[in-house]
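Below are the chains, spelled out letter by letter.
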Amino acid sequence: MQTSRHNIPSEYLQRQVSLEAWWEGATPSILLLVNDGQELGALLPPDLPASVLIVGIYAGGQRRAEYGTAGVLDYMGQGALAENYTRFILREVLPYLQQQYPGMQIRQRAFAGFSLGGLSALDIAWRYPDLFQLAGVFSGSLWWRSKPLGSDYQDDKDRIMHQLIRQGAYHPGQQFFFECGTDDETADRNQNGIIDSIDDTLDLVKELELKGYKRNEDVFYVEIEKGRHDATTWKIAMDLFLGLPFFHHD
C-alpha cells in the first residue's frame, strides 16, 4: 500500500488542511474522499481495492461548524461553515488532487464520513451527483434538526437531511451506503424500542426509496449487532463498504 501526505492552504476555511492518501494499484480509477481523515488510517484494511485512491481530509477545530448541511443550520446554529466546506471540497480539494495525481484517470468518485462527517459527506454527494456517485454514511448524524425536541417537534418536518432528500430529485446511478450499530446510542425519543440513530437512518432510506432508489441495488444498509459509535465498529463497516461492487469494476 502506498501513502502520501499533503497540506492545502484553504481560502474557504481559512486554515491549513491536512490530507492523507492511500492506494494499492498503479492507476486507480475511483476517488474516495473521507471526512475525519485523521481517524482513517486505523480503519482501513491491509489490502485496498486496486481501483481506489482513498483520501482522508483531516477535521479542524471548527468541525461542528464546517460539517453539516450547506446553507441550512441546525437548531443550535451548527453548520455555519458547511457551505464554505462544500466549496473547499469542490474548488480546492478536487483540483488539487487532479494536479497531484495526473496519471490517475479518475472516472468515479465517492464521499464518506463518520457521525457528523457522514452527514456532511451525504449532503455534498446529494447536492452534486454528477461529481459523487456514492455516499458512505457511518453512524450518521441524521438526527440533524431545525427544532429542538419538544411539543412542537415533528420527525417528518424537522429533520433537515430528510427534508433535503424529499425536496430533491432522483439521480440515476447514484448509490448510498449506511451503517448503524445496535449500541450506537441509547436515545429513543419516540419510545418505540428502536434507538434514534437506527430510526433516523431507516427513515432516510425510505425517503430515498420513495425517490426511486432500490434497496440492495442503489441503497445499502448494514446494522452491526452490538456495534457502537466508535472506531472498532467503523472498521468492520469500512470492510463492508469497500467490498461494494462500486469499488470492484472498471
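For the structure itself, consult the block above.
Quick summary incoming for the structure in this document. From a predicted model like this one, the values you see are computed outputs, not experimental measurements.

1. Quick look at the overall build of the chain
- Scanning the chain from N- to C-terminus turns up seven helices and eight strands.
- Taking 2.2 N^0.38 as the reference for a compact globule, 250 residues should give roughly 18 Å; the C-alpha atoms of the chain span a radius of gyration of 17 Å, in line with that estimate.
- Reported as C-alpha extents along the three principal axes, the dimensions of the chain are approximately 55 × 35 × 35 Å.
- A fraction of 67% describes how many contacts in the chain between residues 6 or more apart in sequence connect residues 24 or more apart.
- As displayed, the chain has an accessible area near 10,900 Å², and 48% of this comes from carbon and sulfur atoms.
- Taking the 22 positively charged and 34 negatively charged side chains of the chain as two groups, their mean positions are separated by 4 Å.

2. Observations concerning the pairing of strand β7 (residues 175–183)
- Counting buried positions along β7 gives eight out of nine residues, so the element sits mostly inside the fold.
- As paired elements, strand β6 (residues 134–138) and β7 share five bridges and run parallel to each other. Directly across from V137, in β7, lies its bridge partner F178.
- Examined bridge by bridge, β7 and strand β8 (residues 219–228) share seven bridges and lie parallel to one another. Across the sheet, F176 pairs through a bridge with V219, a residue of β8.
- Once you follow β7 into helix α6 (residues 196–211) and on to β8, the crossover reads as right-handed.

Definitions and limits used
Residues numbered from 1 in each chain as written. Predicted model: local features only at pLDDT ≥ 70, side-chain atom pairs only at ≥ 80, totals over all residues. Heavy atoms only, no water. Helix = DSSP H or I, 4+ residues; strand = E, 2+ residues; numbered from the N terminus. Rg over C-alpha atoms; globule rule 2.2 N^0.38 Å. Contact = heavy atoms within 4.5 Å. Areas by Shrake-Rupley, 256 points an atom, 1.4 Å probe, with all protein chains shown as cover. Lys, Arg positive; Asp, Glu negative; His and termini not counted. Charge placed at Lys NZ, Arg CZ, Asp CG, Glu CD. Buried < 20%, exposed > 50% of the residue type's maximum accessible area, 1.4 Å probe, protein only. Pairing = 2+ DSSP bridges. Right-handed = clockwise from strand over helix to strand, strands pointing away.

Worth remembering: the numbers are spatial, not functional.
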